[in-house]
Structure formats: structure tokens, C-alpha cells
Amino acid sequence: MSLQEIARLAGTSVSTVSRVLNNPAHHCNNPGLADHIWKIADSLHYVPNPAARRLRLGSTDIAEPFTVDIFLARFDSIDKDAFFRELFWILKEELIQNNCVLGEIQNPLDMTELSNSGSAPDHVPYKPVQKVQSEKSSHSLAFIARKPNTGLIILGKCPPRFVPIVKKRYAYLVGIDRNPTEYEYDEVVCNGQAAAELAVEHLIGLGHKNIAYIGDCTYETRYIGYYQALINHKIALNYENIYPTDQTQEQGFHTMTALLDSPRRPTAIFCANDCTALGVLDALKRHKKRGYFPSIISIDNINDSQKTVPMLTTIDIPKKEMGHLALTLLLDRKNGHHHENVRLELPCRLVSRESCTPPPRP
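Just so it is clear, the structure is predicted and the values come from calculations on it, not from any experiment.

A.B. asks: Explanation requested: the sheet that holds strand E2 (residues 101-106) in the structure shown.
C.D. replies: Read from one edge to the other, the open sheet built from six strands follows the order E2-E1-E3-E4-E5-E11, with strand pairing classed as parallel. Of all the strands in the sheet, just E2 and strand E11 (343-345) have a single pairing partner and so form its edges. Strand-to-strand twist of the sheet, defined as the mean angle between neighbouring strand axes without regard to direction, takes the value 20 degrees. One ladder, built from four bridges, connects strand E4 (residues 172-177) with strand E5 (residues 186-189); its direction is parallel. Counterpart to Ile176 in the pairing with E5 is Val188. Contacts between helix H13 (residues 319-334) and the sheet are confined to strand E1 (67-72), strand E3 (150-155), E4, E5 and E11, with E4 contributing the most and set at about 160 degrees to the helix.

Below is the structure:
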């Protein structure tokens, strides 16, 4: 896809498009234009070619650039989760700055089709591409070809059944998540349990004891952190305050709508992520005549968390640093500078805004 076509769809000049796509630090005079250009480029699957750019600048170094695939471990689309969508755009900028190329964007369905099996063996032997092509059973799991000069960044916790597959297909991989693995591969994490404990501690510090949880409860560190914070303050866990969801805005809205009819409504709600909290706040806004205004806190600090009414109190996850360090680890692994699986853990921090207040006096 040419720059001319992107410029036409964006309603701007080719030179402006070129500056935006080839320099992530470039700021347009027109607010929002750079994001608009990137969205068009992304929809058209345009990938900046670092080798071609170096050639245009007169460099003779036109070696094939390193390609990085992205695996969406929890969702089938980058638009399903705002946290990972923002992280994805950060990664795209990091790839350009490091003369890397964005490759395939894969989801669990892609990996399932690749494995052609409901379960994966503990170990998948490596075979070179030439050997794979000569095998009759080339569609079986044991004959997945390794991608040359390509790394993988996993966004979210990789389901255990896919770990052998990605290790077989990629010599270099790194994960970004809030849930650390058992050192299955290199990873950059911001511990979800610590973030959840910080969130619930903030509510308890304001005087809340009747605190609900809305989010995933299956091997989820944020749920563990919620429970641990209650235990630390000798607050009994009330299972009626637990609302399992898939952590989407839609689920947050429906859960809050149902919670409004509860006979014993909590004074505060901890949402596992900002997307869920956005749905909760939307439901409260639509039913504000009921006069129920619980404190709301969540995790992620996505851009939309600053646009809610009231503004959402949240736990910041350092997305920019996570994206930068993930690609740094991936390239370090590719260059042979480390061989053991490495985990880099970054701290989270409270962003106190308007959605959390002390409970009403009895």
C-alpha cells in the first residue's frame, strides 16, 4: 500500500504521511492527525520498510529487517481491550525506532488452527523449514516450521496449551502481561496482584469495608490481590460481592445494571480493568436517579479513564516502559546476549481522581 493512498484517505499530503509513519516523535499541527494517519495505515496493513528507508537515505546497509509478530493471547482483535490496544501502538513506534518490521497479528484461533490439536505435547522438536516441507505430515503439531528472522511479542497471558507451539515456531519471544508465568519465556510484567492490593488498600483507607469485585476470577492475580487485601485488614470475604466477567466494557455495564437490584449494595467496587469500570460508570450514569454512587477504582490508566464523569481513579500500569523493554529484551535475545528466561517487573502507582470518596455515614 502506497503513501499516496494513505494521504488521499487522510486528506493530507504525502510528505506529512511520510513524516508521521517514519518518525514516531513527529507532532502534527492538526491535533489528532497523526493518530488518524496511523489508523488508516493500520487498516490497510501498511508496514514501514526500514530497509527501503535506509536505501532512500543513501545507506548501503539493506539487510533484511527483523520482523516481529504479535500474539493477542486473550482476544481475537486488538480493539477488544483498550489497554492492549494502547500498548500495541506503543510497540509499533518502538519497532520503527529500532528498524524492525511489524509482521502478523495472531489470536488464539490462529494458534488453534496451527496446532490442529486440542492439546499440545510438553515438548515439540525443532525441524528446519526444508525438513518440514519434505514431511508428509506437515500439518501436525510436531512439524510446525520455525519462522526465520522473526520474533514474537505475546500480549496477555499465553494459554498453557499454546506455549509449546510458540516456542516451536519462534526462536525469540517475550510476553507483556499483569500475570507472570513460571519463567516460560522472557517477559515484562507489572504484577496484577500488587496492583489489585494497592487499589483495594486505597478503598479501605477511605473507610470502605463492603467492597465488590468485578472481573475474571480464573487463575487471575487481580482477584487474588483483592482477596489478599481484605484478609490483611481482617475483612471477611462476601461471595455475594464477587461478579465474574470477561473484563469488557459491555460486561461491566450489564453487571452494574444487575447489581443495582441487589438488596445489599457495596459502598465501593474494584474493577479488574478500566474497560470494565467504564461500563460500570456508564450504568451508574444511566440510573443516577436511584441515588446510588459507590466508589469505583480499577487498573490500567487507559486514555479514556481521564474522560469519565466522575474521572476514574485507577492504578497506572507503565505501558510505554513495558513496550520499550519488551522489544529491548527481544532484540537482546536475538543478538545472543542472554540465554536464561528473564522477567522484568515494573511498579504500578495509584492515580487518585474523583471516583473514590469515603463511604456515606450511617
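A.B. asks: Mind showing me how you'd approach the sheet that holds strand E9 (residues 295-300) here?
C.D. replies: Hydrogen bonds between backbone atoms are what pair the strands of a sheet, whose relative direction is either parallel or antiparallel. As summarised here, the arrangement of the six strands in space is E7-E6-E8-E9-E10-E12, forming an open sheet in which the pairing is mixed. The open sheet terminates on both sides in strands that have one partner only, identified here as strand E7 (242-244) and strand E12 (349-351). Neighbour to neighbour, the strand axes of the sheet diverge by 20 degrees on average, direction disregarded. Here four bridges tie E9 to strand E10 (residues 313-316), and the two strands are oriented parallel to one another. Bridge pairing in E10 places Asp300 opposite Asp316. Running at roughly 170 degrees to strand E6 (residues 211-215), helix H10 (residues 221-232) makes contact with E6, E7, strand E8 (268-271) and E9 of the sheet.

A.B. asks: Got a minute to help me understand the pattern of salt bridges in this structure?
C.D. replies: Two side chains that carry opposite charge are able to pair once their charged atoms sit near each other. Per the stated rule, a full pass over the model turns up 16 salt bridges. Across the salt bridge formed by Arg8 and Glu5, the nearest N and O atoms sit 2.7 Å from each other. With Arg8 and Glu5 both in helix H1 (residues 3-10), this residue pair falls three residues apart, about one helical turn. Here Asp304 and Lys307 are joined by a salt bridge, their closest N and O atoms 3.5 Å apart. Residue classification places Asp304 among the partly exposed residues on the basis of a relative accessible area of 33%. Taken together, the shared-partner salt bridges in this structure form one network comprising Arg74, Asp216, Glu220 and Arg222.

A.B. asks: Help me out: how do you make sense of unusual backbone geometry in this one?
C.D. replies: Trans peptide bonds make up the majority, and among non-glycine residues the majority have a negative phi. With an omega of -5 degrees, the peptide bond between Val309 and Pro310 qualifies as cis. Following the sequence through the fold, Pro310 ends up in the loop between E9 and E10. You will see that Tyr183, though not glycine, has its phi angle at about 55 degrees, which is positive. A relative accessible area of 45% means that Tyr183 is categorised as partly exposed. In this model, Gln247 sits at a positive phi of 65 degrees, which is unusual for a non-glycine residue. The topology assignment puts Gln247 in the loop between E7 and helix H11 (249-259).

Rules and cut-offs
Residues numbered from 1 in each chain as written. Predicted model: local features only at pLDDT ≥ 70, side-chain atom pairs only at ≥ 80, totals over all residues. Heavy atoms only, no water. Pairing = 2+ DSSP bridges. Helix = DSSP H or I, 4+ residues; strand = E, 2+ residues; numbered from the N terminus. Axes fitted to C-alpha atoms, helices over the stretch in contact; angles between N-to-C directions. Contact = heavy atoms within 4.5 Å. Salt bridge = Lys/Arg side-chain N within 4 Å of Asp/Glu carboxyl O. Buried < 20%, exposed > 50% of the residue type's maximum accessible area, 1.4 Å probe, protein only.

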